[in-house]
Amino acid sequence: MAHLKLGINLGFAINKYVEPEVWTRIVAEDLGLKYVQFVADLLNVFLPPDIVDRQVERINECAQKRDLAITSTFTSAFTRVNHFMHPDADIRKAWLNWFKRFADISVRMGARTTGSHFGILTFADYDDVRRREYIIEEGIKNWQELSWYCKELGMEYLNFEPMSIPREMANTVEDTKELLARLNDGAGIPFKICLDVGHAPHPNDRDPYRWVRELGSVSPIIHIQQTEKDHSRHWPFTEEYNKLGIIHGEPLIEAIEQSGATEAEIIFELSHREAWSTEFRIIQDHVESVNYWRQFIKN
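So, here's what we can say about the structure. Everything numeric in this text was worked out from a predicted model, so none of it was measured.

What holds strands together in a sheet is hydrogen bonding between their backbones, with the strands either parallel or antiparallel. Taken together, the eight strands give a closed barrel; going around it, the order is β1-β2-β3-β4-β5-β6-β7-β8, and neighbouring strands pair in parallel fashion. Strand-to-strand twist in this sheet, taken as the mean axis angle between neighbours without regard to direction, amounts to 30 degrees. Its contacts with the sheet place helix α5 (residues 129-153) against β4 (113-117), β5 (157-161) and β6 (191-196), and it is angled at close to 145 degrees to β5.

To continue, consider the packing of aromatic side chains. Summed over the entire model, instances satisfying the criterion amount to 21 aromatic pairs. Note on tryptophan 143 and phenylalanine 191: the rings are 6.0 Å apart at their centroids and 85 degrees apart in plane angle, and the pair reads as edge-to-face. Residue tryptophan 143 is located in helix α5, and its partner phenylalanine 191 is located in strand β6; the two are separated by 48 residues in the primary sequence. The exposure class assigned to tryptophan 143 is buried, which follows from its relative accessible area of 1%.

Taken N-terminus to C-terminus, the directions of helix α1 (residues 20-30) and helix α2 (residues 49-65) make an angle of 30 degrees; their axes are 9 Å apart at the nearest point. By the criterion of interaxial angle, the relationship of α1 to α2 is roughly parallel. Relative to α2, α1 is oriented so that their crossing is right-handed. Within the contact between the two elements, α1 uses Pro20, Glu21, Trp23 and Thr24 and α2 uses Gln55, Arg58, Ile59, Cys62 and Ala63.

Located in the positive-phi region is histidine 83, a residue other than glycine, with phi close to 30 degrees. In this structure, histidine 83 sits in the loop between β3 (69-74) and α3 (89-108). You will see that alanine 170, though not glycine, has its phi angle at about 60 degrees, which is positive. Within the element layout of this structure, alanine 170 appears in the loop between β5 and α6 (173-184).

When we look at burial in helix α7 (residues 208-215), the residues that qualify are Pro208, Tyr209, Trp211, Val212 and Leu215. In a view along the axis of α7, the buried residues occupy a sector of 155 degrees, so they form one face of it. Measuring from the side-chain oxygen of the N-cap residue of α7 to the backbone nitrogen of tyrosine 209 gives 3.0 Å; that N-cap residue is aspartate 207.

Because an α-helix packs 3.6 residues into every turn, residues spaced three or four apart end up facing the same way. Taking 1.5 Å of rise per residue, the 20 residues of α3 would be expected to cover 28 Å, and the 29 Å separating its terminal C-alpha atoms lies within 8% of that figure. Restricting attention to buried positions, one finds in α3 the residues Arg92, Trp95, Leu96, Trp98, Phe99, Lys100, Phe102, Ala103, Ile105 and Ser106. Those residues of α3 hidden inside the fold are in contact with β2 (35-39), α2, β3, β4 and α5. Its side-chain oxygen at 2.9 Å from the backbone nitrogen of aspartate 90, aspartate 88 defines the N-terminal cap of α3. Where α3 ends, the next residue or the one after it, glycine 110, has phi of about 100 degrees, a positive value.

Another aspect to go through is the pattern of salt bridges. Counted according to the given criterion, the structure contains 21 salt bridges. Of the charged contacts in the structure, one is a salt bridge between arginine 92 and glutamate 138, with a shortest N-O distance of 3.1 Å. Within this pair, whereas arginine 92 is found in helix α3, its partner glutamate 138 is found in helix α5, the two being separated by 46 residues in sequence. Each member of the pair, arginine 92 together with glutamate 138, is buried. One salt bridge connects arginine 112 with glutamate 156, and the closest N-O pair in it is separated by 3.2 Å. Note that arginine 112 is positioned in the loop between α3 and β4 and glutamate 156 in the loop between α5 and β5, a separation of 44 residues in sequence. You can call arginine 112 partly exposed: its relative accessible area is 25%. The structure contains a network of salt bridges with shared partners spanning Arg92, Glu138 and Lys141.

Cut-off values and rules
- Residues numbered from 1 in each chain as written.
- Predicted model: local features only at pLDDT ≥ 70, side-chain atom pairs only at ≥ 80, totals over all residues.
- Heavy atoms only, no water.
- Pairing = 2+ DSSP bridges.
- Helix = DSSP H or I, 4+ residues; strand = E, 2+ residues; numbered from the N terminus.
- Axes fitted to C-alpha atoms, helices over the stretch in contact; angles between N-to-C directions.
- Contact = heavy atoms within 4.5 Å.
- Phe/Tyr/Trp six-rings, centres within 6.5 Å; stacked < 30°, edge-to-face > 60°.
- Buried < 20%, exposed > 50% of the residue type's maximum accessible area, 1.4 Å probe, protein only.
- Parallel < 35°, antiparallel > 145°, perpendicular 65-115°, else oblique.
- Left-handed = near helix turned anticlockwise from the far one by under 90°.
- Arc of directions from axis to C-beta.
- Polar contact = N/O pair within 3.5 Å; in protein donor to acceptor, adjacent residues only side chain to side chain.
- Expected span 1.5 Å × (residues − 1).
- Salt bridge = Lys/Arg side-chain N within 4 Å of Asp/Glu carboxyl O.

Have a look at this one:
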């Protein structure tokens, strides 16, 4: 039986609960969670080094006070950019340096891994078959260089998230397996997957549970959201949305077990758009979501 832990991606806190004293209290006290996936948008390493250093110290102090474990780091909404697949070589290089700095602070926070989407192709590069393959190779090369850097830092593995469209890579189970194999051929530390149960809108690959059954064994982190078929809604797991959505506890746990996974962090990645109908429900919706999943995951 797989050892599962329930945690949270801090994307919900971006521009809302940016103070470490605030988000650590929310996660630990309001939600009763321990495991945290920190996101780059809360501390972008493009900031001056002295500011980054002070913020890391502050984050660590607050996390330790609340007995939280930052187990991984990830990019997020504002850093959902081309990065390793940008058409400009100098910009790709700048993002490689960015990821190295992000890995540095990730280790200082206690994270054993960091990750992102693999990269994003522009339409011009995607539509040109030769150029597309060249940029994909550039992405692989940059990720692999990062993997050797992260090995020196003592990280255990790197991970990327399969996305929803071809330009953003790994939008089918087969494409994900192929890309994972290419990354691991020459990597310093293993590459693994960060699955998202809502990222299954490809017309031929829309069953989220198949993704988990096929890739759960190489996905030690799984983002969960309530969603409709053919969409990635990032809804909370409230009674209202659980009636509309397709993601439920028992079939997800069953799919993880069928995958052969031995452990996984099941990470909330919920999104509240800027609207009166949702702005003041953020904490309440997260509390209800945690309560729902505590039926299935106790850790």
